[in-house]
Amino acid sequence: MKKVTRIATIGIMSALATGLMFLEFPIFPSANFLKFDPSDILPILSGFIFGPLDGVLVLLIKDLLFYLLKSGDIVGIAMNFVAGVSFLLPAVYIYRVRKNRVFEIMGYVVGVLSVTGIMTVLNMLVVPLYWKIPMSETVKLLPYIAGFNAIKFSIDSVVNGLIRERISKIFEN
Ligand code: RBF
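Keep in mind that this is a model prediction, so the values were computed, not measured.

Participant: Could you give an account of the packing of aromatic side chains, with specific residues and numbers?
Facilitator: Counted by the stated rule, this structure contains nine aromatic pairs. Ring centres of Phe-33 and Trp-131 lie 5.8 Å apart, and the angle between their planes is 55°; on these two criteria the pair is classed as tilted. One end of the pair, Phe-33, is in the loop between strand E1 (25-26) and strand E2 (35-36); the other, Trp-131, is in helix H5 (residues 101-131), with 98 residues separating them in the sequence. Under the relative-accessibility criterion, Phe-33 is labelled partly exposed at 24%. Arranged with centres 4.9 Å apart and planes meeting at 40°, the rings of Phe-48 and Tyr-95 form a pair that is tilted. Of this pair, Phe-48 sits in helix H2 (residues 41-50) while Tyr-95 sits in helix H4 (residues 74-97), and the two are 47 residues apart along the sequence. Accessibility expressed as a relative area gives 2% for Phe-48, which makes it buried. Accessibility expressed as a relative area gives 6% for Tyr-95, which makes it buried. What links up through ring pairs into an aromatic cluster is the set Phe-33, Tyr-130 and Trp-131.

Right, dumping it as structure tokens:
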């Protein structure tokens, strides 16, 4: 792919992802700081089609734009970014070992396990400081935090698995 095409693609993917992030909504009322949105599908797609660096760049630009345009909450944006990277990098690197369905699905499974594990630990450290609540209260949120990441990134995996091939054809030649 030409350098100019690559830069334009990263720009378009980032812009679309930023728009999709505005659709965010909480899925668990008791942990309403965790908001689902479908925007990570575009960085994931970019990671699978163009490579891990492009995926991380789309994720980063999306989060910076959303921070400036809407959220203003650097902690939430940083958590969103770390979650995206924790899924994207293992998933993409496993897929790149062998570009077939088996390795693709292994990538999704390891990605979901990775993001669920990493974000559960990270939230146990961040939530008590962010909400100024004791550890005993934070631990009660553990199932929601693990469930949220497992559900969010499983949905992203399924959608990516369904559209990846068709989207990648657009960029052939
Ligand atoms: N987003 C995730 O995808 N996974 C998380 O585990 C996660 N933990 C968060 C913890 C805190 C304290 C905050 C404030 C946000 C967290 N987010 C997480 C990001 C959140 O779902 C949302 O995308 C951002 O707050 C932007 O509105």
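Participant: I'd like to hear about the pattern of salt bridges, residue by residue, with values.
Facilitator: Applying the stated criterion to the full structure yields eight salt bridges. Here Lys-70 makes a salt bridge to Glu-24, at a shortest N to O gap of 3.6 Å. You can see Lys-70 sitting in helix H3 (residues 52-71) and its partner Glu-24 sitting in the loop between helix H1 (3-21) and E1, a full 46 residues away along the chain. One salt bridge connects Lys-140 with Glu-137, and the closest N-O pair in it is separated by 3.1 Å. With a gap of three residues between them, Lys-140 and Glu-137 both fall in helix H6 (residues 135-140), about one helical turn apart.

Participant: I'd like a description of the site of the ligand, backed by residues and values.
Facilitator: Lining the immediate surroundings of the ligand are 17 residues, of which Glu-24, Lys-35, Asn-123, Asn-149 and Lys-152 lie closest. Separating an oxygen atom of the ligand from a backbone N or O atom of Lys-35 is a distance of 2.9 Å. Contacts to the ligand include Asn-149, whose side-chain N or O atom sits 2.7 Å from a nitrogen atom. Protein burial of the ligand: of its 550 Å² of free accessible surface, 98% is covered by the chains. Breaking the shell around the ligand down by element, the ones donating at least two residues are H4, H5 and helix H7 (142-170). Ranked by residue count, the leading element in the shell around the ligand is H4, at four residues. Within the shell around the ligand, the residues separate by chemical class into nine nonpolar, four polar and four charged.

Cut-off values and rules
Residues numbered from 1 in each chain as written. Predicted model: local features only at pLDDT ≥ 70, side-chain atom pairs only at ≥ 80, totals over all residues. Heavy atoms only, no water. Phe/Tyr/Trp six-rings, centres within 6.5 Å; stacked < 30°, edge-to-face > 60°. Helix = DSSP H or I, 4+ residues; strand = E, 2+ residues; numbered from the N terminus. Buried < 20%, exposed > 50% of the residue type's maximum accessible area, 1.4 Å probe, protein only. Salt bridge = Lys/Arg side-chain N within 4 Å of Asp/Glu carboxyl O. Near = heavy atom within 4 Å. Polar contact = N/O pair within 3.5 Å; in protein donor to acceptor, adjacent residues only side chain to side chain. Areas by Shrake-Rupley, 256 points an atom, 1.4 Å probe, with all protein chains shown as cover. Nonpolar A, V, L, I, M, F, W, Y, C, P; charged D, E, K, R; others polar.

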